[in-house]
Structure formats: C-alpha cells, structure tokens
Amino acid sequence: MSTGTWLVAGLGNPGPGYAGNRHNVGQMVLDLLAGRMGGRFTTSKAQAVTLEGRLGIGGPRLVLAKPLTYMNTTGGPVSALARFHDIAPDHVITVHDEIDIPFNTLRLKLGGGEGGHNGLRDISKALGTKDYYRVRVGVGRPPGRQDPADFVLKDFGTVEKKELPFLLDAAADAVEILIRDGMLTAQQKFHAPA
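Rules used in this analysis
Residues numbered from 1 in each chain as written. Predicted model: local features only at pLDDT ≥ 70, side-chain atom pairs only at ≥ 80, totals over all residues. Heavy atoms only, no water. Buried < 20%, exposed > 50% of the residue type's maximum accessible area, 1.4 Å probe, protein only. Helix = DSSP H or I, 4+ residues; strand = E, 2+ residues; numbered from the N terminus. Pairing = 2+ DSSP bridges. Salt bridge = Lys/Arg side-chain N within 4 Å of Asp/Glu carboxyl O. Axes fitted to C-alpha atoms, helices over the stretch in contact; angles between N-to-C directions. Parallel < 35°, antiparallel > 145°, perpendicular 65-115°, else oblique. Left-handed = near helix turned anticlockwise from the far one by under 90°. Contact = heavy atoms within 4.5 Å.

Caption draft 1: Geometry of the pairing of strand 7 (residues 133–138). The element strand 7 is largely enclosed, with a buried count of six among its six residues. Neither face of strand 7 is exposed, since Y133, V135 and V137 on one face and R134, R136 and G138 on the opposite face are all buried. In the sheet, strand 5 (residues 92–98) pairs with strand 7 via six bridges, with the strands oriented parallel. Each bridged residue has a counterpart across the sheet, and for V95 the counterpart in strand 7 is V135.

Caption draft 2: Broad picture of the pattern of salt bridges. Counting across every chain of the model gives 10 salt bridges. The residue R22 makes a salt bridge to E160 at a minimum N-O spacing of 2.9 Å. On the criterion of sequence distance, the pair formed by R22 in the loop between strand 1 (6–10) and helix 1 (25–37) and E160 in helix 5 (residues 158–181) is long-range, its members being 138 residues apart. The pair formed by R22 and E160 is uniform in burial state, with each residue classed as buried. When the shortest N-O distance is used, the salt bridge between K130 and E114 registers 3.8 Å.

Caption draft 3: Structural context of unusual backbone geometry. The phi dihedral of D86 is positive, around 55 degrees, even though this residue is not glycine. Of note, D86 is situated in the loop between helix 2 (75–84) and strand 5. Not every positive phi belongs to a glycine, and N104 is a case in point at roughly 75 degrees. Structurally, N104 can be placed in the loop between strand 5 and strand 6 (106–110).

Caption draft 4: Local environment of the packing of helix 5 against helix 6 (residues 183–190). It is at 7 Å that the axes of helix 5 and helix 6 come closest, and there the two elements cross at 150 degrees. The angle between helix 5 and helix 6 falls in the class roughly antiparallel. In terms of crossing hand, the pair formed by helix 5 and helix 6 is right-handed. Listed contacts from helix 6 to A170, D173, A174, I177, L178 and D181 of helix 5 are M183, T185, A186, K189 and F190.

Shown next as structure tokens:
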C-alpha cells in the first residue's frame, strides 16, 4: 500500500483565532505528525504550509499540508500540491472534523459523499473525484438546536480538551497505519468497539 508519495492534508481555517476550533482538528493532527517526523512546516506557493519527509526510516515519502485558505476553499491548495508532486487522488488523505460521529471516535473511508462538509466538497470538485482517503475525526453533534456551522467554529469544551490529546494521537496513528498497512488494517484497528 505504501508505494509512491502521499499527500496528507489537514483541514481547518487559517490564523490563531481558529486554532483551537473543532473545525481545525485536521490541522492539529498534522502538527502531531510533523512532530513525529521531526520537521517544521514551511510556506509553499500553493497557499499552504507543507512539510516533506518520510514515514519512518526508509518509509514512503509524505507531503504534509495545512492549507492557508478557509475551509470551504481548501480544494485549490490540495489539488495544486497533488499536481505539483504528481500525486494521484488515491494517494491523497484528508484529515478532518466529522460531526456525524461521536467525539473521540475515528472512521476511515475511501470516497463517498461529503456529508455536508464544505471543505471536502471543494476538494472533490478540485480533484475531479471523490475517490481519495478521509480520516474522519469525530467531534460530535452540536447540543440542542445549535447551528452545526457555529458548533464547529467553537473550541473544544473543558472535558473534551482532556481527551483531545489521545484522539489526536490515535488519528495520527490512523494516518500512518493507512499508508503503511492499508485501509482494511486501519479500519479494523480504529473501527473496532472500544
């Protein structure tokens, strides 16, 4: 599964005001992956900060990317990086928030619908396909009648913040296992009941 270069895009919004938002969980995971790789992000011409390296010693080449555009215009930077590095959609992984699964839960999939996620919708349009990998990080449903758009633009709650490091660590593991061992192995590990 690990042949060729992989593009891993952590979705979110730019700037420190959004850094702790549920919508930015994908970028939080990429920060953790960058730390594991021992590298730092640098600005690219594709409206993103990127880090190029390898997954472990002698492992596959990775391009980690955090788009500098707002979530609903993420497709441009992702598709530009894929073209520049000659990465096919089947080697693109998005890491993003997902309100349709409970907080502290991960789900992985290839292709399918975007579930109302405007960042994914823009990436699908820009890539010309929905057939790319998604590491879906559960942030839970908004309470009561709160608008989902408002909910994802709020920081995690106090209790959630205590569990968040474990969730981010698991999501980073999911990306690595997906690349190294394939989708089925990753799904068996992270879709199993706790």
